[in-house]
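Listed below, chain by chain, are the residues.
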Amino acid sequence: MLVSDQVTEMNEELLGPGANNIFNFKTGLSSSPKLLRITLPMWVLYFGNSFSYYGIILMTSLFSTGENKGFSVASHVKNDTSLYRDVFITIFAELPGFLISALVVEKFGRRVSMALMYILGSLFLFPLVVPQNEALTTALLFGARIWVIGNFTLAGVYCPEIYPTSVRSTGCGVASAVGRIAGMVCPIVAVQLVRGCHQMAAIILFEVVLILSAISVLLFPLETKER
């Protein structure tokens, strides 16, 4: 009953009295201005998560095969071992990412935790604006992936919590769809920059996406910690 009361209070805070009624077309129209403050930042959040996450995975492959410095069949054969090793190593970044997100989310809250993880992810990626040696590149991508997957986890927690009950499925579903679009756009835009020997431009693009995502998190009107 206590949880139910808290949910009702949050819904009324966002949509006004009667927010728990079954969602209909009229309710959606009348509440859309208030939901806009949730929806637009949530789209940026999901876009940034997918764009940076899949970008880090793809860049691990590109950097390991030397495609950021020009590509040839000979270099591809030579770097097959590096590719498998680096991808295998960075996969394990997701384990501490899940663990850290679980530890910090209830201590610092959703918004602060996500903003901090975006900043840390951008700091790990920034040295890659210029080519680094293989070991340092793998270590930086490993660190960036920790924070990005942590944000992926927290977004999955925060999105259903912040949307009112009547529009929760629609809000989370559309946000997830925006994330899928980012996953499709990332290889076309950012990865092609790396293949075209424009590594600095690619990393700067990822930095911009991460910083905008961090700003969008701070624009959410409600913190759902302990509510």
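Residues numbered from 1 in each chain as written. Predicted model: local features only at pLDDT ≥ 70, side-chain atom pairs only at ≥ 80, totals over all residues. Heavy atoms only, no water.

1. Structural notes on the overall build of the protein chain
Argument step 1. Across its full length, the protein chain holds 9 helices and 0 strands.
Argument step 2. Order of helices (α) and strands (β) in the protein chain, N terminus to C terminus: α-α-α-α-α-α-α-α-α.
Argument step 3. Within the span of the protein chain, comprising 227 residues, buried residues form 46% of the whole.
Argument step 4. Nonlocal contacts in the protein chain, meaning residues at least 24 apart in sequence, comprise 81% of its contacts between residues at least 6 apart. (Helix = DSSP H or I, 4+ residues; strand = E, 2+ residues; numbered from the N terminus. Buried < 20%, exposed > 50% of the residue type's maximum accessible area, 1.4 Å probe, protein only. Contact = heavy atoms within 4.5 Å.)

2. Some details on the side chain of R110
Argument step 1. Counting through the fold element by element, R110 comes out in helix α6 (residues 110-125).
Argument step 2. A polar contact is formed between the side chain of R110 and the side chain of T224, at a distance of 3.4 Å.
Argument step 3. With near-sequence residues (within four places) excluded, R110 lies in contact with V105, V157, Y158, E161, E223, T224 and K225. (Polar contact = N/O pair within 3.5 Å; in protein donor to acceptor, adjacent residues only side chain to side chain.)

3. Things to note about the UniProt feature "transmembrane region" (unreviewed entry) in the protein chain
Argument step 1. Taking the numbering used here, the UniProt-annotated feature "transmembrane region" (unreviewed entry) corresponds to residues 43-63, 83-105, 112-130, 136-159, 171-194 and 200-222.
Argument step 2. With 91% helix and 0% strand, the stretch residues 83-105 has end C-alpha atoms that lie 34 Å from each other.
Argument step 3. Secondary structure content for residues 112-130 is 74% helix and 0% strand, and the end C-alpha separation is 30 Å. (UniProt positions renumbered as here; feature names shortened; annotations may be inferred.)

4. Focus on the pattern of salt bridges
Argument step 1. Going through the model one piece at a time under the given rule, you end up with 4 salt bridges.
Argument step 2. Across the pair R110 and E106 runs a salt bridge, and its minimum N-O distance is 3.1 Å.
Argument step 3. Classification of R110 by relative accessible area gives buried; the value is 4%.
Argument step 4. Because the salt bridges share partners, they merge into one network encompassing E106, R110 and E161. (Salt bridge = Lys/Arg side-chain N within 4 Å of Asp/Glu carboxyl O.)

5. Let's talk about the nonpolar core
Across soluble globular proteins, nonpolar side chains have a tendency to be buried as a group.
Argument step 1. Counting residues in each nonpolar core, the largest one holds 51 residues, and the members touching the most others are M42, L45, M59, L125, I162 and Y163.
Argument step 2. Examining the composition of this core, we find that 12 residues originate from one element, helix α7 (residues 134-162), more than from any other. (Core = buried A, V, L, I, M, F, W, Y, C linked by side-chain atoms within 4.5 Å.)

6. What to know about α7
Argument step 1. End to end, α7 covers 41 Å across 29 residues, agreeing with the expected 42 Å (1.5 Å per residue, within 8%).
Argument step 2. Taking the backbone nitrogen of A135 as reference, a side-chain oxygen 3.2 Å away marks N133 as the first, capping residue of α7. (Expected span 1.5 Å × (residues − 1).)

7. Thoughts on the packing of aromatic side chains
Geometry of an aromatic ring pair is reported as the spacing of the ring centres plus the angle between the planes.
Argument step 1. For the structure shown, the criterion picks out 6 aromatic pairs.
Argument step 2. Aromatic side chains F88 and F92 sit 5.0 Å apart centroid to centroid with 75° between the ring planes, which places their arrangement in the edge-to-face category.
Argument step 3. With 5.1 Å between their ring centres and 75° between their planes, Y158 and F220 make a pair best called edge-to-face. Of this pair, Y158 sits in helix α7 while F220 is found in the segment after α9 (199-218), placing the two residues 62 residues apart along the sequence.
Argument step 4. Y158 sits in the buried class, given a relative accessible area of 0%.
Argument step 5. Of the residues examined, F220 reaches a relative accessible area of 2% and is grouped as buried.
Argument step 6. Put simply, the rings of F47, F51 and F206 pair up and form one aromatic cluster. (Phe/Tyr/Trp six-rings, centres within 6.5 Å; stacked < 30°, edge-to-face > 60°.)

8. Side note on the side chain of S113
Argument step 1. Relative to the assigned elements, S113 resides in helix α6.
Argument step 2. According to the relative accessible area criterion, S113 is buried, its value standing at 3%.
Argument step 3. Here V104 takes part through its backbone oxygen, which lies 3.3 Å from a polar atom of the side chain of S113.
Argument step 4. Every residue in contact with S113, bar those within four places of it in the chain, is listed here: V104, V105, F108 and L154.

9. Structural notes on the packing of α6 against α7
Argument step 1. Packing of α6 against α7 brings their axes to within 8 Å, and their N-to-C directions diverge by 160°. Considered as vectors, α6 and α7 are oriented roughly antiparallel to each other. The handedness of the crossing between α6 and α7 comes out as left-handed. Between α6 and α7, the residues in contact are R110, R111, S113, M114, M117, Y118, L120, G121, F124 and L125 and L140, L141, G143, A144, W147, G150, N151, L154, A155, V157, Y158 and E161, respectively.
Argument step 2. Residues of the contact of α6 with α7, tallied by class, amount to 14 nonpolar, 5 polar and 3 charged. (Axes fitted to C-alpha atoms, helices over the stretch in contact; angles between N-to-C directions. Parallel < 35°, antiparallel > 145°, perpendicular 65-115°, else oblique. Left-handed = near helix turned anticlockwise from the far one by under 90°. Nonpolar A, V, L, I, M, F, W, Y, C, P; charged D, E, K, R; others polar.)

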